[in-house]
Amino acid sequence: MEALRSIRVAMSKRRLLVALCGAVVVALGLVGASLYLYERDDVSRLDVSSPKYEKIRKAVMSDANPDMFGGTGSLGTGDIAKFQAIFDAKRKSLGSFGKFEDSLLSDEQLKFTPVE
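As a starting point, this report considers the structure included with it. Owing to the predicted nature of the structure, the values given are computational and were not obtained by experimental measurement.

So, how was this worked out
- Residues numbered from 1 in each chain as written.
- Predicted model: local features only at pLDDT ≥ 70, side-chain atom pairs only at ≥ 80, totals over all residues.
- Heavy atoms only, no water.
- Helix = DSSP H or I, 4+ residues; strand = E, 2+ residues; numbered from the N terminus.
- Buried < 20%, exposed > 50% of the residue type's maximum accessible area, 1.4 Å probe, protein only.
- Areas by Shrake-Rupley, 256 points an atom, 1.4 Å probe, with all protein chains shown as cover.
- Phe/Tyr/Trp six-rings, centres within 6.5 Å; stacked < 30°, edge-to-face > 60°.
- Salt bridge = Lys/Arg side-chain N within 4 Å of Asp/Glu carboxyl O.
- Patch = residues over 30% accessible without salt bridge, like charges linked within 9 Å, V, L, I, M, F, W, Y side chains within 5 Å.
- Expected span 1.5 Å × (residues − 1).

Some thoughts on the overall build of the protein chain
When you go through the protein chain residue by residue, the secondary structure sums to five helices and zero strands. When the helices and strands of the protein chain are read in sequence order from the N terminus, they spell out α-α-α-α-α. Put simply, the protein chain has 116 residues, and 3% of those count as buried. Element-wise, carbon and sulfur atoms account for 64% of the exposed surface of the protein chain, whose accessible area totals about 11000 Å².

So, in C-alpha coordinates, the structure goes:
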(Lines give C-alpha, C1' and ligand atoms only; values in the text may rest on other atoms or scores of the structure.)
Protein backbone atom coordinates (compact mmCIF):
# COMPACT_ATOMS: atom_id res chain seq x y z
CA MET A 1 0.00 0.00 0.00
CA GLU A 2 2.87 2.31 0.82
CA ALA A 3 4.47 1.71 -2.61
CA LEU A 4 1.24 2.69 -4.35
CA ARG A 5 1.04 5.89 -2.32
CA SER A 6 4.65 6.82 -3.19
CA ILE A 7 3.95 6.26 -6.88
CA ARG A 8 0.84 8.44 -6.64
CA VAL A 9 2.80 11.23 -4.91
CA ALA A 10 5.58 11.05 -7.52
CA MET A 11 3.02 11.22 -10.36
CA SER A 12 1.22 14.18 -8.81
CA LYS A 13 4.48 16.11 -8.63
CA ARG A 14 5.21 15.44 -12.30
CA ARG A 15 1.73 15.69 -13.86
CA LEU A 16 2.93 17.45 -16.99
CA LEU A 17 5.59 14.83 -17.68
CA VAL A 18 3.11 12.00 -17.09
CA ALA A 19 0.57 13.66 -19.40
CA LEU A 20 3.15 14.13 -22.15
CA CYS A 21 4.34 10.54 -21.86
CA GLY A 22 0.74 9.35 -21.94
CA ALA A 23 0.04 11.42 -25.07
CA VAL A 24 3.12 9.98 -26.79
CA VAL A 25 2.09 6.43 -25.90
CA VAL A 26 -1.45 7.01 -27.22
CA ALA A 27 -0.11 8.59 -30.43
CA LEU A 28 2.28 5.69 -31.02
CA GLY A 29 -0.54 3.23 -30.41
CA LEU A 30 -2.79 4.97 -32.93
CA VAL A 31 -0.01 5.16 -35.53
CA GLY A 32 0.71 1.48 -35.03
CA ALA A 33 -2.97 0.59 -35.43
CA SER A 34 -3.29 2.68 -38.58
CA LEU A 35 -0.16 1.12 -40.13
CA TYR A 36 -1.50 -2.33 -39.28
CA LEU A 37 -4.82 -1.55 -41.00
CA TYR A 38 -2.97 0.04 -43.95
CA GLU A 39 -1.05 -3.16 -44.59
CA ARG A 40 -3.79 -5.62 -43.60
CA ASP A 41 -6.42 -4.11 -45.91
CA ASP A 42 -3.90 -3.99 -48.78
CA VAL A 43 -4.31 -0.24 -49.25
CA SER A 44 -0.56 -0.01 -49.60
CA ARG A 45 -0.91 -1.36 -53.15
CA LEU A 46 -2.77 1.82 -54.11
CA ASP A 47 -0.11 4.13 -52.69
CA VAL A 48 2.04 5.43 -55.55
CA SER A 49 4.28 7.34 -53.14
CA SER A 50 5.83 4.09 -51.94
CA PRO A 51 9.54 3.76 -52.88
CA LYS A 52 8.93 0.51 -54.75
CA TYR A 53 6.70 2.39 -57.24
CA GLU A 54 9.32 4.98 -58.24
CA LYS A 55 9.26 4.02 -61.94
CA ILE A 56 5.47 4.20 -62.06
CA ARG A 57 5.46 7.53 -60.23
CA LYS A 58 7.88 8.99 -62.78
CA ALA A 59 5.63 7.81 -65.60
CA VAL A 60 2.51 9.24 -63.98
CA MET A 61 3.94 12.57 -62.86
CA SER A 62 5.37 14.78 -65.55
CA ASP A 63 6.71 18.23 -64.71
CA ALA A 64 6.85 19.43 -68.30
CA ASN A 65 3.20 19.87 -69.35
CA PRO A 66 2.80 22.81 -71.73
CA ASP A 67 -1.00 22.49 -71.76
CA MET A 68 -1.34 23.49 -68.13
CA PHE A 69 -3.16 26.71 -67.39
CA GLY A 70 -1.40 28.92 -64.86
CA GLY A 71 -3.13 29.34 -61.53
CA THR A 72 -1.66 32.75 -60.74
CA GLY A 73 -1.46 36.09 -62.51
CA SER A 74 -3.93 38.40 -64.16
CA LEU A 75 -7.14 37.12 -65.68
CA GLY A 76 -8.43 38.67 -68.88
CA THR A 77 -10.68 37.73 -71.79
CA GLY A 78 -7.77 36.13 -73.65
CA ASP A 79 -6.90 34.02 -70.60
CA ILE A 80 -10.47 32.76 -70.32
CA ALA A 81 -10.52 31.85 -74.01
CA LYS A 82 -7.19 30.03 -73.63
CA PHE A 83 -8.49 28.11 -70.61
CA GLN A 84 -11.69 27.18 -72.46
CA ALA A 85 -9.66 25.88 -75.41
CA ILE A 86 -7.46 23.76 -73.12
CA PHE A 87 -10.54 22.52 -71.24
CA ASP A 88 -12.36 21.54 -74.45
CA ALA A 89 -9.29 19.69 -75.76
CA LYS A 90 -8.95 17.73 -72.50
CA ARG A 91 -12.67 16.93 -72.47
CA LYS A 92 -12.46 15.61 -76.04
CA SER A 93 -9.50 13.42 -75.16
CA LEU A 94 -11.45 11.96 -72.24
CA GLY A 95 -14.29 11.05 -74.59
CA SER A 96 -11.97 8.66 -76.41
CA PHE A 97 -11.93 6.36 -73.37
CA GLY A 98 -15.61 5.51 -73.75
CA LYS A 99 -18.46 5.83 -71.34
CA PHE A 100 -18.14 5.05 -67.68
CA GLU A 101 -19.49 1.65 -66.71
CA ASP A 102 -20.11 0.33 -63.22
CA SER A 103 -18.40 -2.92 -64.18
CA LEU A 104 -15.07 -1.07 -64.29
CA LEU A 105 -15.19 -0.80 -60.50
CA SER A 106 -16.05 -4.43 -59.83
CA ASP A 107 -13.89 -6.40 -57.43
CA GLU A 108 -12.76 -8.70 -60.24
CA GLN A 109 -11.67 -5.79 -62.44
CA LEU A 110 -9.80 -4.10 -59.57
CA LYS A 111 -8.36 -7.47 -58.52
CA PHE A 112 -9.52 -7.19 -54.92
CA THR A 113 -9.68 -10.32 -52.87
CA PRO A 114 -12.69 -10.84 -50.60
CA VAL A 115 -12.09 -10.39 -46.90
CA GLU A 116 -13.49 -13.14 -44.73
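From this point, the discussion proceeds with the structure in view.
Some remarks on the packing of aromatic side chains
Under the counting rule described, the total for this entry stands at one aromatic pair. Ring centres 6.1 Å apart and planes at 25 degrees place the aromatic pair Phe 83 and Phe 87 in the stacked group. In this pair, Phe 83 and Phe 87 are both assigned in helix α4 (residues 77-95), four residues apart and thus about one turn of the helix distant.

Concerning the pattern of salt bridges
Under the criterion given, the structure shown has two salt bridges. As a salt-bridge pair, Asp 41 and Arg 40 come within 3.1 Å of each other at their nearest N and O atoms. Residue class for Asp 41 comes out partly exposed when judged on its relative accessible area of 42%. Where Asp 88 meets Arg 91, a salt bridge forms, and the shortest distance between an N and an O atom there is 2.9 Å. Here Arg 91 and Asp 88 lie together in helix α4, a separation of three residues that amounts to about one turn. Given a relative accessible area of 27%, Asp 88 falls into the partly exposed group.

A closer look at a nonpolar patch on the surface
Together, Val 43, Leu 46, Phe 100, Leu 104, Leu 105, Leu 110 and Phe 112 make up a nonpolar patch on the protein surface, roughly 680 Å² of accessible area in all. If you trace the backbone, Val 43 turns up in the loop between α2 (15-40) and α3 (54-60).

Describing α2
The terminal C-alpha atoms of α2, which comprises 26 residues, lie 37 Å apart, in line with the 38 Å expected from a rise of 1.5 Å per residue. Backbone geometry just after α2 places Asp 42 at a positive phi near 65 degrees.

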